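One-letter residues, chain by chain:
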Amino acid sequence: MTVVSAVPRPPRRIPRPPRRIPRPPRRIPWPAPVALAYAVAQLALVVPHLGLGWDETVYVSQVDPGRPAAYFSAPRSRGISLLSAPVLAVTHSTTVLRIVLALLSAAALYAAYRVWQPLLGRARTALAALLFAGLWTTVLYGPQAMPNLWVALSAVAAVGWFLRAVHLHERRRALLGLGAMVAAATCFRFSDGVWLALPLLTACAIVPAWRRPAPALAVAGGFAMGGAEWVAEAYVRWGGVGARLHLSSATEGGMGARWAGGMAWRSLNGPLLCRPCHVPLTHPELTLWWLALPALALIACAVAPRARHGAATVLPAACAAALSIPYLLLIDYSAPRFLLPAYALLALPLAALAAHGAQAIRPPRVRALAIGLTAVLLALHLSAQYEVLDRNAAEARVTADRYRTAAHDLRGLGLTPPCLVSGRHAPPIGYDNGCASANVGGNNRDTTAHTLLRRAAREPTAALARTRSGPPHYARTWIPHPLPGTGLTAYIRPPLQPPV
């Protein structure tokens, strides 16, 4: 009898559940909360009840289909007009324009500093964005149709793309970004585009590792593309680039070697335009950060090689210095907005310096104490900037209200489109009233008295002058009408008066 032994079966394997691959924690895009806070600050503190300023009416009138274009002087560029054109094609509401520009500037702040995240890291990039966004000038001019802030953000992005093109392995994308941002800065303000391109091209020439044609061609191509309209307009309206540059210098009061740093310091916290600049220094304690800025930038450049961020510190500081040259060494007046590109670029080495200082402190308790003290100083600085912002926004609001009041009174006097307003304050008042504007004197002279009088014979015309100064020479026989609350008197040409 054969015994068949049972063959033991192998144990049944229970399938193990698939291992879950741990997902990396989502990294917080730190520049995004800064941009969001920047947008909220603009919408809450600046946008409400702030009318258009003098320069703004010049820019927006170029693309407003319902208003005559004001005189566009030689130094100006049309970038901010093009940015405002889609909004003005839909609505004439100043509030809507302010809201759109506030949101766009916040998005541009995020995009510009986001370029630097692979170069400096998330924390340093966010701190740099906060340092720049916390300035009162940055908040005040975010929703305004003015070019300086947009030059600043374009310059930040351009320098970042330049460094990514020469250091990181993303050549095509970085070169396209570099060319586009240089073009944007040049389109917003031609002269600033020149001072931005110069240090970038110089860096391509003197740094051996950067002596490649691609970055230099991107910078040169971006500048040519952004300045093409400015150059073409120079030939159409003024007979060439040289003639336009000469007239630009005359409009700026004659550009030449002079020290304007003292005026920039005195007007740091206002007025919004210091021309002529004889204002006394007020609240010097609120200018200490500005006085310390050059020293901190030099320290950041000195310690940058140890922190492995040499190029990412030195190049933005060099570009900031170049962009400051015309406003500190070549003109005889000042405005707080002029140095916005320098502030935006210097925020990057300052953030790197702060991070390097925190890492250099070894004892954890001392490091925590130093970080806490730095946070307190930053909070005090931001609160001081808020106070200055509140004061200057109120002054800008009063000025805009004065312009609107004068325009309303002129409508009551029968000055309705088509009409003409002349005088120093003609652009904003004429824009609010739907009238054309003209000026027979000053740095924005665009017509002659004879031409103005011939035009006055065909349409309602008002000559605006300060009440104390009396009428212009061409309007001595016109009827005076004081405009209460504005300090101005409107001299209306009688309808049956023959032209002189």
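(A) Region of the structure containing the state of the cysteines. A full pass over the atoms with the stated rule returns two disulfides. There is a disulfide in this structure between Cys274 and Cys277, and the S-S distance comes to 2.1 Å. Between Cys274 and Cys277 the disulfide shows an S-S torsion of about 90°. By sign, it is right-handed. You can call Cys277 buried: its relative accessible area is 4%. Left without a disulfide partner, Cys204 is nearest to the cysteine sulfur of Cys319, which lies 10 Å away. Residue Cys204 is classed as buried on the basis of its relative accessible area, which comes to 7%.

(B) Quick peek at the side chain of Arg98. On the secondary structure map, Arg98 appears in helix H4 (residues 94-114). Within the structure, Arg98 has its side chain in polar contact with the backbone oxygen of Pro143 (distance 3.1 Å). Apart from residues no more than four positions distant in its own chain, Arg98 is found in contact with Val47, Leu50, Gly51, Leu52, Glu56, Pro143, Gln144 and Ala145.

(C) Looking closely at the sheet that holds strand E2 (residues 436-438). The five strands lie next to each other as E2-E1-E3-E5-E4, forming an open sheet whose pairing is mixed. Strands with a single pairing partner mark the edges of an open sheet, and in this sheet they are E2 and strand E4 (479-483). Each strand axis lies, on average, 25° off the axis of its neighbour in the sheet, ignoring direction. Where strand E3 (residues 461-466) lies against strand E5 (residues 488-492), five bridges are found, and the strand directions are antiparallel. Within E5, the position partnered with Arg466 by the bridge is Leu488. Across the sheet, helix H19 (residues 449-456) lies against strand E1 (420-422), E2 and E3, angled at about 150° from E1, the strand it touches most.

(D) Region of the structure containing the pairing of E4. By the bridge criterion, five bridges tie E4 to E5 in an arrangement that is antiparallel. Across the sheet, residue Leu483 finds its bridge partner in E5, namely Leu488. Between the end of E4 and the start of E5, which pair antiparallel, lie four residues, with Gly485 showing a positive phi angle near 80°.

(E) Just the packing of helix H3 (residues 79-88) against H4, in detail. At their nearest, the axes of H3 and H4 sit 10 Å apart, and the two run at 130° to each other. Accordingly, the angle class assigned to the pair H3 and H4 is oblique. Relative to H4, the crossing made by H3 is right-handed. Contact residues: H3 offers Leu83, Ser84, Val87 and Leu88, while H4 offers Val96, Leu97, Val100, Leu101 and Leu104. Its residues placed into classes, the contact of H3 with H4 shows eight nonpolar, one polar and no charged.

Scoring rules and cut-offs
- Residues numbered from 1 in each chain as written.
- Predicted model: local features only at pLDDT ≥ 70, side-chain atom pairs only at ≥ 80, totals over all residues.
- Heavy atoms only, no water.
- Disulfide = S-S within 2.5 Å.
- Buried < 20%, exposed > 50% of the residue type's maximum accessible area, 1.4 Å probe, protein only.
- Helix = DSSP H or I, 4+ residues; strand = E, 2+ residues; numbered from the N terminus.
- Polar contact = N/O pair within 3.5 Å; in protein donor to acceptor, adjacent residues only side chain to side chain.
- Contact = heavy atoms within 4.5 Å.
- Pairing = 2+ DSSP bridges.
- Axes fitted to C-alpha atoms, helices over the stretch in contact; angles between N-to-C directions.
- Parallel < 35°, antiparallel > 145°, perpendicular 65-115°, else oblique.
- Left-handed = near helix turned anticlockwise from the far one by under 90°.
- Nonpolar A, V, L, I, M, F, W, Y, C, P; charged D, E, K, R; others polar.

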